[in-house]
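Fold and geometry: a report
Take a look at the letters that make up each chain.
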Amino acid sequence: MTDLLKEILDVDRAARERVATAQNERNEAYLSVSVQKETLIRDEKEKARRAAEEQSLENRKTAESALQALREKNGRIMRQMDALYGENRERWVADVVASALSEV
C-alpha cells in the first residue's frame, strides 16, 4: 500500500511539474507574441511615417512647381498690363479728364 501511495504521489508530482512547465512555456509564448506584436506595430508606424514623409515631399515639389508656374504667369500678365498702360496712358488720362470735365 505504501508503494502504491508513493507511486501516486510520484505521478502527481510529475504531473504538477509538467503543468508548471506547460504554464511557463505558455507564459513565454505570450511574452514572445507580445514582443513580436510591439515590434510589428513599431515597424508599421515607421513605415507609415516614411511613406507620409515621402508623400509630403512629393506634394511640396508639386506645389512649388505650381507656384512657380503661377508666378511666371503673373509676371507675364504684369508685363502685358505695363505694356498696355504704356501704349494707352495718354489716351486714358485724356479720356478720364474729358469725362470728369464734361460732368461739371
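Fair warning: this is a prediction, and the values are worked out from it, not measured in the lab.

**Some points on the overall build of the chain**
Each helix and strand in the chain was counted, giving one helix and zero strands. The globule rule puts the C-alpha radius of gyration for 104 residues at 13 Å, and the 43 Å found for the chain is more than 25% above it. Seen through its C-alpha atoms, the chain measures out along the principal axes to roughly 135 × 30 × 5 Å. Counting the 104 residues in the chain, one finds 1% classified as buried. Carbon and sulfur atoms provide 57% of the accessible area of the chain, an area that totals close to 9,800 Å². For the chain, the separation between the mean place of its 19 positive charges and that of its 21 negative charges on side chains is 1 Å.

**Some thoughts on the environment of A15**
Of note, A15 is situated in helix α1 (residues 2-102). Each C-alpha atom, one on A15 and one on A29, is 21 Å from the other, the two residues being 14 residues apart in sequence.

Parameters at a glance
- In this numbering scheme, every chain counts its residues from 1 along its sequence in written order.
- Only residues with pLDDT of 70 or above have their local features reported here, since the model is predicted, and side-chain atom pairs are shown and tallied only from 80 upward, although totals for entire chains, interfaces and linings are computed over all residues.
- Side-chain measures here rest on the full set of heavy atoms in the structure, leaving out hydrogens and waters.
- Going along the chain from the N terminus, every DSSP run of H or I of four or more residues is numbered as a helix, and every run of E of two or more is numbered as a strand.
- With C-alpha atoms as the basis for the radius of gyration, the globule rule is written as 2.2 Å multiplied by the number of residues raised to the power 0.38.
- Think of it in three bands: residues with accessible area under 20% of the maximum for their type are buried, residues over 50% are exposed, and the middle band is partly exposed, with areas taken using a 1.4 Å probe on protein chains only.
- Residue exposure ignores everything except the shown protein chains as possible cover, and the areas themselves are Shrake-Rupley values with a 1.4 Å probe.
- Only four residue types enter the tally: Lys and Arg on the positive side, Asp and Glu on the negative side; His and the chain ends are excluded.
- Taken as the charge centre is NZ of Lys, CZ of Arg, CG of Asp or CD of Glu, depending on the residue.

This is a description of form; function is not addressed.
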